[in-house]
Amino acid sequence: MLKPAAIAVVLAGAALTGACAPIAAYSGFQAIEASPADVKPVEDNKATVRGRLGSPSVVSAFDSNVWIYMNQVKETVAFMRPVVTRREVTVITFDKDTEAVASVDNLTLADGKVIAFSGRETPTRGRELTVIEQLIGSIGAGGILPREEEGVPGSRPGDRR
């Protein structure tokens, strides 16, 4: 017979492991009835692919005869960052003249490459002005002084402010 303390430890352990179960998030193209990998070159064309799979995730910007179907699964455990556990990219290329499928390329997470991200700022040459240089540089620009000349944009004839 198990002691109440042992039962409490087993229940606490089950609760802790259940709380740390990964949460899966699916994004992109989700195959319901047909998979992009089932597309056969020469046999299928644009109409049959669109009818079977629906619209592609992306159409190539450089060639409208290249359709891309993408999906991925991210798993998150407790407070940790999400980790991509599965990624599938199917690139379908069509013949320009006949619109028949020319090739089907299946790529996975292992085929991906890490690229360097530069951030949102474009580096420029030159130097940055300090606050004092900006204040001194704005003296005499006429922002706070009244205008005494006529014909200056924004002034009315005969206006002496």
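For the structure itself, consult the block above.
Note that the structure is predicted; figures quoted are calculated from it, not measured.

What counts and how
- Residues numbered from 1 in each chain as written.
- Predicted model: local features only at pLDDT ≥ 70, side-chain atom pairs only at ≥ 80, totals over all residues.
- Heavy atoms only, no water.
- Salt bridge = Lys/Arg side-chain N within 4 Å of Asp/Glu carboxyl O.
- Buried < 20%, exposed > 50% of the residue type's maximum accessible area, 1.4 Å probe, protein only.
- Helix = DSSP H or I, 4+ residues; strand = E, 2+ residues; numbered from the N terminus.
- Polar contact = N/O pair within 3.5 Å; in protein donor to acceptor, adjacent residues only side chain to side chain.
- Contact = heavy atoms within 4.5 Å.

Enquirer: Go over the pattern of salt bridges, please, and point to the residues and values.
Expert: For the coordinates displayed, the defined rule picks out two salt bridges. Between R86 and E88 there is a salt bridge; the shortest N-O distance is 3.7 Å. Here R86 falls in the partly exposed class, since its relative accessible area comes to 38%.

Enquirer: Give me the lowdown on the side chain of T90, citing residues and values where you can.
Expert: Among the secondary structure elements, T90 is positioned in strand 4 (residues 83–94). Only 3.1 Å separates the side chain of T90 from the side chain of N106, close enough to count as a polar contact. Setting aside chain neighbours within four positions, we find T90 in contact with P36, W67, I68, Y69, V104, D105 and N106.

Enquirer: Go over the side chain of D44 with me, naming the residues and quoting the values.
Expert: Inspection of the secondary structure puts D44 in the loop between strand 1 (23–28) and helix 2 (46–53). Since its relative accessible area comes to 7%, D44 is described here as buried. Here the side chain of D44 touches K40 through a polar contact of 2.9 Å, landing on its backbone nitrogen.

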